[in-house]
Structure formats: structure tokens, C-alpha cells
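# Overview (structure and organization)
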Amino acid sequence: DTGVSQNPRHKITKRGQNVTFRCDPISEHNRLYWYRQTLGQGPEFLTYFQNEAQLEKSRLLSDRFSAERPKGSFSTLEIQRTEQGDSAMYLCASSPSGGARAETQYFGPGTRLLVL
Amino acid sequence: AQSVTQLDSHVSVSEGTPVLLRCNYSSSYSPSLFWYVQHPNKGLQLLLKYTSAATLVKGINGFEAEFKKSETSFHLTKPSAHMSDAAEYFCVVSHPSGNTGKLIFGQGTTLQVKP
């Protein structure tokens, strides 16, 4: 299967701990996105990479959040000092380089985080 | 600013009857619009997308949507519902600023299909 993969699929942690999630995009895709989805809501944009460059971050991404894509392939999203409000599904998506119009984003299955 | 409003949080239909999921958008630009579906414990899957070509867009599994600029709407329809259509549906607009392509999702509509 050459779709977007995310690990782990589930994470339970205690408040104050650090967590890291990984996303492996579709191999030829240059663009990578992170979104967060809380229960009963639509996903919200967090951040965007074009190759290894992080080009946009949402105001939702507080200083406790950091994302990297060091070689322009996989990406990691780290949350430091987790809070109960961080409990959500974290979604990764990838797409080919954009032209004048939006390219389709392909989503991974997500990592569900529960902060106790 | 870009936004989408899904007019119904929950829609219930009987199997074999038509489906209508309503979406209105707000955009300062000519928008790209999408419908995604999310089945329980599965990833988001693209149903269809509009990118300024034909206003009637056909998608997978018999779904289609019509872009109506005058009504700023992009409603999703299907002639005959199947039990497997039960899922969460999201209307989505792509934000053109800076050409990032980031997506702005509606709140979602839960489709229930009764036997």
C-alpha cells in the first residue's frame, strides 16, 4: 500500500508528558499537511510543508507544538507538556506540488491522542 | 475569509431514497471545493472536487455535487442511498492565499441510512 501512513494509531499519555507522531506521505508528494480534529468537529489546519520547508503555521499551533520534515520525506509532530485539551485526532495529508488550482490531499488514518 | 457552512449536522434517510447534504461557502476568490467522507475508524476519503471546470461534478460511489455561484452552494446528492453510505461527510474549501492549498472544513454532516 502506498498511501499516507501514520504512527502510532493511538497514544495515551499523562498530562505534562511529551509525545511525538510520525507521518509518511505518498512518496512522490512534495506537500505535507497536519490537521487536528476534535470530537464532533471538522479537521482544522495546523501546519504545511513544501518539501523540507515549513511554510505556514496556524495560530492553533502553540509554542508547545513543533513539526519537522528534515529530508522532505516523512514528518514528525511533537507536543511538549501535553494538556488535556490536546486530546484529539491528528491527521496528516500529502499532495503533489500545487499548480494554479488546488491539488487533492490524501489523508492518513490519523493518530488518536488521549491525554489523561 | 474562506469558510463553509454545512446546513445540517445530521441527515437520516431510508435505504434506496435520495440523499441531499447541503453546503454553502464563503470566498473572496473563485474557490476550489471538495466533499470528503469519513467512515468510523477510517481516514478521510475524497468523494469529489470542483476546480472551475464543469459545475456539475461527479464523484465516486454515485455521488455528485453542483457548484452554484449565484447561491454560493455546493450541495452533495445521490439518487439512491445505500447502507454503506452511512458516515460523516465534510464540505471543504481550499484556501488560495499563498498557494498553500490548506483546506478549510465544515462542521460535518452525519448521514444515517435506515433499512
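Position numbers for residues start from 1 in each chain and track the written sequence from start to end. Ligands are numbered from 1 and chains lettered from A, in the order in which they are written. Thresholds applied to this predicted model are a pLDDT of at least 70 for local features of residues and 80 or more for the giving and counting of side-chain atom pairs; totals over whole chains, interfaces and linings are not thresholded and use all residues. Here the side-chain values reflect all heavy atoms present in the structure, with hydrogen atoms and water set aside.

Attention now goes to the state of the cysteines. All names here are of chain A. The disulfide criterion used throughout: a pair of cysteine sulfur atoms within 2.5 Å. Applying the stated rule across the entire model yields 2 disulfides over all chains. There is a disulfide in this structure between Cys23 and Cys92, and the S-S distance comes to 1.9 Å. The sign of the -70 degrees torsion about the S-S bond sets the Cys23-Cys92 disulfide as left-handed. With Cys23 in strand β3 (residues 19-24) and Cys92 in strand β9 (residues 88-95), the pair connects residues that are 69 residues apart, well separated along the chain. Buried, partly exposed and exposed residues are distinguished by accessible area as a fraction of the type maximum, computed with a 1.4 Å probe on protein chains only: under 20%, between the cut-offs, and over 50%, respectively. Under the relative-accessibility criterion, Cys92 is labelled buried at 0%. Under the scheme used here, helices are H or I runs from DSSP no shorter than 4 residues and strands are E runs no shorter than 2 residues, and both carry numbers assigned from the N terminus.

This next bit is on the nonpolar core. Take the buried Ala, Val, Leu, Ile, Met, Phe, Trp, Tyr and Cys residues and link them wherever side-chain atoms come within 4.5 Å; each set so joined is a nonpolar core. One finds Trp35, Leu48, Phe74, Leu76 and Tyr89 of chain B to be the most contacted residues of the largest nonpolar core, which totals 26 residues. Sort the elements by how many residues they give to this core and strand β10 (residues 87-94) of chain B lands first, with 4 residues. Contacts are assigned to residue pairs that have any heavy atoms within 4.5 Å of one another. With residues near it in sequence (within four places) discarded, Leu48 of chain B still touches Leu33, Phe34, Trp35, Val57, Lys58, Gly59, Phe63, Glu64, Ala65, Phe74 and Leu76 of chain B. Grouped together as the second largest cluster of nonpolar side chains are 19 residues, Phe21, Leu46, Ala67 and Ile79 of chain A included.

Don't take any of this as a statement about function, it's just geometry.
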